[in-house]
Amino acid sequence: MLCLATEKEFKNNLDFVYLLSLDKKISCYPAYFDGIKTNKHFEENAKRDFEKNQIYLYYFEGKCYGWISYFVIKEDKYIQSTCCSIHIKYYQMALEEFLIELSTKYKGFQFYFGCSNENVGIPFLNKNGFIKIEESFAYRLDFPKKDFQILKDEIKKITLEQFSDFAVLHALYEKDMYYTSSEIQKTFSNWIIYGYYQENQLIATIYAYRHENLMIEIYGLDFKDRKYNKSISKKLLDILQIEQDLPIFCLTEKEEQEAFEELKFTYIDCYQCYMKKL
């Protein structure tokens, strides 16, 4: 049985649910098994969900076996899971009840569920109208380079003055992304963007979000005409890690994996994103 968490229930189960979240088979993204985020980060994020009344505990015969939480952007009819950490025995049952709850409350919304390809709930998703819309590969770099290097002429840090160059290139990729150029511009001070130029023309970019005191999260590498180039990719990744002082996390495409591995990023997981219109 699912029920909204009371303050007492939330506090009593916080550590238990965090431990469940360390197992990729019974949790969802954002991942707490990534080797970067800690119990403290889990607690901070969970508190935000609790304050918005968006945490459901799962009980069976009077005992709590985990919780599911989410966030909503009502104007976009968008819902995303933020935690789905349930004992393996009850995982699919909890998902079934949660889907009924969302379908009743948010009819017409799109629900996104990101998880490891090892998640035990995937058979349920496949049987209940979810579509796999993305598969990518999670990597992290724990200790970015600290050696000094002069920024090469062809690589420039993108400021608001050059943002229009970035927007033109990003338009080739942003159709199915939440972080369009307009969304990035709204919080530009939190973004780190580098561009690779040839003959004064931008032909590739890397863009990443700085999560304060936690990590740098790469959201993408964009290329002119959508033609991937491993050599340029490595140069952009190299500059990013030299310039930053936090662990780096990224979900990459299959064709990008080789560049990340050559730069000694650590493989974490195969990420899959599922979507269903409620």
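All values derive from a computational prediction rather than experimental measurement.

Visitor: So what's going on with the overall build of the protein? Which residues, and what values?
Guide: Within the protein, the regular secondary structure consists of eight helices and 12 strands. For 278 residues, the compact-globule formula gives about 19 Å, and the C-alpha radius of gyration of the protein, at 20 Å, lands near that figure. By its C-alpha atoms, the protein is 65 × 40 × 30 Å across when sized along the principal axes. Buried positions account for 51% of the 278 residues belonging to the protein. A separation of at least 24 residues holds for 70% of the contacts in the protein among residues at least 6 apart in sequence. Surface accessibility of the protein: about 14300 Å² in total, with carbon and sulfur atoms responsible for 49%. Positive and negative side-chain charges in the protein, numbering 36 and 42 respectively, have mean positions lying 3 Å apart.

Visitor: Before we move on, can you summarise the sheet that holds strand 11 (residues 248-252) with the specific residues and values?
Guide: The sheet built from 12 strands is open, its strands ordered 1-2-3-4-5-12-6-11-10-9-8-7 with mixed pairing. On the outer flanks of this sheet lie strand 1 (2-4) and strand 7 (155-157), each paired with one strand and no other. On average, each strand axis in the sheet is inclined to that of its neighbour by 25°, with strand direction left out of account. Bridging between strand 2 (residues 55-60) and strand 3 (residues 63-73) involves five bridges; their strand directions are antiparallel. Following the sheet pairing, F60 is matched in strand 3 by K63. Of the strands in this sheet, strand 1, strand 2, strand 3 and strand 4 (78-86) touch helix 1 (residues 7-21), which is tilted by about 90° from strand 3. Packed on one face of the sheet, helix 5 (residues 163-170) meets strand 8 (191-198), strand 9 (201-211) and strand 10 (215-223) and runs near 95° to strand 9.

Visitor: A description of the side chain of N119 should follow, citing residues and the corresponding values.
Guide: Of note, N119 is situated in the loop between strand 5 (110-116) and helix 4 (122-127). Take N119: its relative accessible area is 3%, and that puts it in the buried class. Polar contacts involving the side chain of N119 include one to the main-chain carbonyl oxygen of S27, which spans 2.8 Å. Of the polar contacts made by the side chain of N119, one reaches the backbone nitrogen of G121; its length is 2.6 Å.

Visitor: Give me the nonpolar core: which residues, what numbers.
Guide: Ranked by size, the top nonpolar core spans 31 residues in total, and within it I79 and F113 carry the most contacts. For this core, the element with the highest residue contribution is helix 3 (residues 91-105), accounting for six residues. With near-sequence residues (within four places) excluded, F113 lies in contact with C28, S81, C84, Y91, L95, N119, L125, Q272, C273 and Y274. Counting 29 residues, the second largest nonpolar core, distinct from the first, contains Y139, Y194, Y196 and A204.

Visitor: Describe unusual backbone geometry, naming the residues involved and giving the relevant values.
Guide: Omega for the peptide link from Y29 to P30 comes to 5°, which places this bond in the cis form. Looking at the element boundaries, P30 is found in the loop between helix 1 and helix 2 (39-51). Residues other than glycine seldom take positive phi values, yet N200 does so here, at roughly 65°. Inspection of the secondary structure puts N200 in the loop between strand 8 and strand 9.

Basis of the calculations
- Residues numbered from 1 in each chain as written.
- Predicted model: local features only at pLDDT ≥ 70, side-chain atom pairs only at ≥ 80, totals over all residues.
- Heavy atoms only, no water.
- Helix = DSSP H or I, 4+ residues; strand = E, 2+ residues; numbered from the N terminus.
- Rg over C-alpha atoms; globule rule 2.2 N^0.38 Å.
- Buried < 20%, exposed > 50% of the residue type's maximum accessible area, 1.4 Å probe, protein only.
- Contact = heavy atoms within 4.5 Å.
- Areas by Shrake-Rupley, 256 points an atom, 1.4 Å probe, with all protein chains shown as cover.
- Lys, Arg positive; Asp, Glu negative; His and termini not counted.
- Charge placed at Lys NZ, Arg CZ, Asp CG, Glu CD.
- Pairing = 2+ DSSP bridges.
- Axes fitted to C-alpha atoms, helices over the stretch in contact; angles between N-to-C directions.
- Polar contact = N/O pair within 3.5 Å; in protein donor to acceptor, adjacent residues only side chain to side chain.
- Core = buried A, V, L, I, M, F, W, Y, C linked by side-chain atoms within 4.5 Å.

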